[in-house]
Amino acid sequence: MKSNKALVLSGGSIRGAFQAGAVAEILTSGRFVPDAIYGTSVGSLNGAFLADRAGRAVMQTGQPDWVEIGYQLLHFWQKEITAFARIGSRRSWIRLLCSIIFKRFNGFVDTAALDRLVRQQIKREHLLNSPVKFYACAVNVSSGETVYASAQQVTDIHDYIMASTCIPGVMPLRIIRGEPYVDGGIREVAPLNRAIEDGAEEIYCVVCQPEKTPRTDFNHRDAIALMDNLMGIVTDELVDDDINLCRQINNLLQQIPRPIRKKPLRGKRFIDLKVIRPDLPIDLQLQHFTRDEITRALEYGRVRAQQLC
């Protein structure tokens, strides 16, 4: 199905609060209404929430109120994502040691709380009735394949959303139909390419990382903090490459007469791309964040959306 307007949401762990604030500003200002939403990692959580609420509204009133949905996303973060204990718990060292010895290691963090939250807030029935198609990006660890799961294609969409949020090593692998899946960010931090392949001509891309990532101080002896930071280093370059490639193609298309019949630009088209991202790093740590820090990140996202749109 061709989707002319796409909302692309990157990964970024708990820094997804910034993303939620930016998306809420886009929606409540009336600037943009997506036909499709593509999410990776925390972007899958935010994207699924939006599609769920749109589908819920259609079932209740016949059409979604996107301004209201934007406020609902803010409220979700302010009410539900208030402390690490609301989404996960750190496994004891005894359990970790035993799991490693017996070759049953499955992450440093237990995400049962996040699983319950996802199942409580996001219903497949709502996604099926949503006017917006939602795709969760995850990676099959065995094959290396990138998967974009939608409620229309799979019955276990919750498992794919959870898989998409799974930071490798930190969180448990998600076993779906016998196959292990993890965070789609190891391949597609911000799934721009899939949105373009599906026919998007106007894209709002909300990224949780600044364009230039400065030095960050963290406890490098804390395994979870270390792995979260390493994941950020890998993914930052990936998302920048995708955004820069799209912009370079746009610039070339504006300079070359049409129609274009020669490679590598044959079949390419101009994409109206708007990227919203922080200009400074967001100092939010997965294990140690507070309600006030979430509120500040939400507001920062709203401010950046106002500045960049």
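Residues numbered from 1 in each chain as written. Predicted model: local features only at pLDDT ≥ 70, side-chain atom pairs only at ≥ 80, totals over all residues. Heavy atoms only, no water.

## Brief notes about the overall build of the protein chain
Then, number 1: In terms of regular secondary structure, the protein chain is built from ten helices and ten strands.
Then, number 2: Going through the 309 residues of the protein chain one by one, you find that 54% of them count as buried.
Then, number 3: Sequence-distant contacts, at least 24 apart, represent 76% of the contacts inside the protein chain between residues at least 6 apart.
Then, number 4: A total of about 14,700 Å² of accessible surface is found on the protein chain, and carbon and sulfur atoms cover 51% of it. (Helix = DSSP H or I, 4+ residues; strand = E, 2+ residues; numbered from the N terminus. Buried < 20%, exposed > 50% of the residue type's maximum accessible area, 1.4 Å probe, protein only. Contact = heavy atoms within 4.5 Å. Areas by Shrake-Rupley, 256 points an atom, 1.4 Å probe, with all protein chains shown as cover.)

## Details of unusual backbone geometry
Then, number 1: Phi at Ser 41 is positive, roughly 55°, even though this residue is not glycine.
Then, number 2: In this fold, Ser 41 is placed in the loop between strand 2 (36–40) and helix 2 (42–61).
Then, number 3: Not every positive phi belongs to a glycine, and Arg 177 is a case in point at roughly 50°.
Then, number 4: With respect to the helices, strands and loops of the structure, Arg 177 is situated in the loop between strand 7 (174–176) and strand 8 (179–183).
Then, number 5: Exposure remark for Arg 177: the relative accessible area of 60% places this residue in the exposed category.

## Observations concerning the packing of aromatic side chains
Then, number 1: Counted according to the given criterion, the structure contains five aromatic pairs.
Then, number 2: Considering the side-chain rings of Tyr 38 and Tyr 135, the 5.0 Å spacing of their centres and the 10° angle between planes classify their relative orientation as stacked. With Tyr 38 in strand 2 and Tyr 135 in strand 5 (residues 133–140), the pair connects residues that are 97 residues apart, well separated along the chain.
Then, number 3: Tyr 38 gets classed as buried once you look at its relative accessible area, which sits at 0%.
Then, number 4: Each ring, one from Tyr 160 and one from Tyr 181, has its centre 5.6 Å from the other, and the planes form 65°; the classification is edge-to-face. Note that Tyr 160 is positioned in helix 7 (residues 157–164) and Tyr 181 in strand 8, a separation of 21 residues in sequence. You'll find Tyr 160 and Tyr 181 in the same group, each marked buried.
Then, number 5: Over the face of the ring belonging to Tyr 135 we find Arg 194, whose NZ or CZ atom lies 5.3 Å from the ring centre. (Phe/Tyr/Trp six-rings, centres within 6.5 Å; stacked < 30°, edge-to-face > 60°. Lys NZ or Arg CZ within 6 Å of the ring centre and 35° of its normal.)

## Examining the environment of Gln 152
Then, number 1: Position of Gln 152 relative to the elements: it lies in the loop between strand 6 (146–149) and helix 7.
Then, number 2: Relative accessible area serves as the criterion here: at 36%, Gln 152 is assigned to the partly exposed category.
Then, number 3: A sequence separation of 24 residues divides Gln 152 from Leu 128, and the C-alpha atoms of the two residues are 6.3 Å apart.
Then, number 4: Among residues more than four places away in sequence, those in contact with Gln 152 are Leu 127, Leu 128 and Lys 133.
Then, number 5: Of note is the side chain of Gln 152, whose polar atom sits 3.4 Å from the backbone oxygen of Leu 127. (Polar contact = N/O pair within 3.5 Å; in protein donor to acceptor, adjacent residues only side chain to side chain.)

## A closer look at the confidence of the model for the protein chain
Then, number 1: Residues with a pLDDT of 70 or more make up 86% of the protein chain, whose mean pLDDT is 87.
Then, number 2: When pLDDT is averaged over each element of the protein chain, helix 6 (residues 124–129) comes out on top at 98 and helix 9 (residues 223–255) at the bottom at 69. (pLDDT = per-residue confidence, 0-100.)

## Brief notes about the side chain of Asp 156
Then, number 1: If you trace the backbone, Asp 156 turns up in the loop between strand 6 and helix 7.
Then, number 2: When neighbours within four sequence positions are excluded, Asp 156 is seen to be in contact with Ile 176 and Arg 177.

## Focus on the packing of helix 2 against helix 3 (residues 66–80)
Then, number 1: Where helix 2 meets helix 3, the axes come as close as 10 Å, and the angle between the chain directions of the two elements is 135°. With respect to helix 3, the axis of helix 2 lies oblique. Regarding helix 2 and helix 3, the two cross each other, and that crossing is right-handed. Across from Val 42, Leu 45, Asn 46, Phe 49, Leu 50, Arg 53 and Ala 54 in helix 2, the residues of helix 3 making contact are Trp 66, Ile 69, Gln 72, Leu 73, Phe 76 and Trp 77.
Then, number 2: Class assignment of the residues belonging to the contact of helix 2 with helix 3 gives a composition of ten nonpolar, two polar and one charged. (Axes fitted to C-alpha atoms, helices over the stretch in contact; angles between N-to-C directions. Parallel < 35°, antiparallel > 145°, perpendicular 65-115°, else oblique. Left-handed = near helix turned anticlockwise from the far one by under 90°. Nonpolar A, V, L, I, M, F, W, Y, C, P; charged D, E, K, R; others polar.)

## Some remarks on empty space enclosed by the protein
Then, number 1: Counting across every chain of the model gives two cavities of 30 Å³ or more.
Then, number 2: In this model, the largest cavity occupies a volume close to 180 Å³.
Then, number 3: If you trace the largest cavity, you find 13 residues lining it, with Ser 13, Ile 14, Val 42, Ile 87 and Leu 114 closest to the centre.
Then, number 4: For the lining of the largest cavity, the residue count by class is ten nonpolar, three polar and no charged. (1 Å grid on protein atoms, 1.4 Å probe; cavity = no way out; pocket = protein on both sides within 12 Å on 5 of 7 lines; lining within 4 Å. Points joined across faces, edges and corners; volume = space filled by probe spheres on them.)

## Describing the pairing of strand 6
Then, number 1: Pairing of strand 5 with strand 6 involves four bridges; the strand directions are antiparallel. The partner of Ala 138 across the bridge, within strand 6, is Val 147.
Then, number 2: Hairpin remark: strand 5 followed by strand 6, antiparallel, with five residues in the connecting loop; positive phi at Gly 144, about 80°. (Pairing = 2+ DSSP bridges.)

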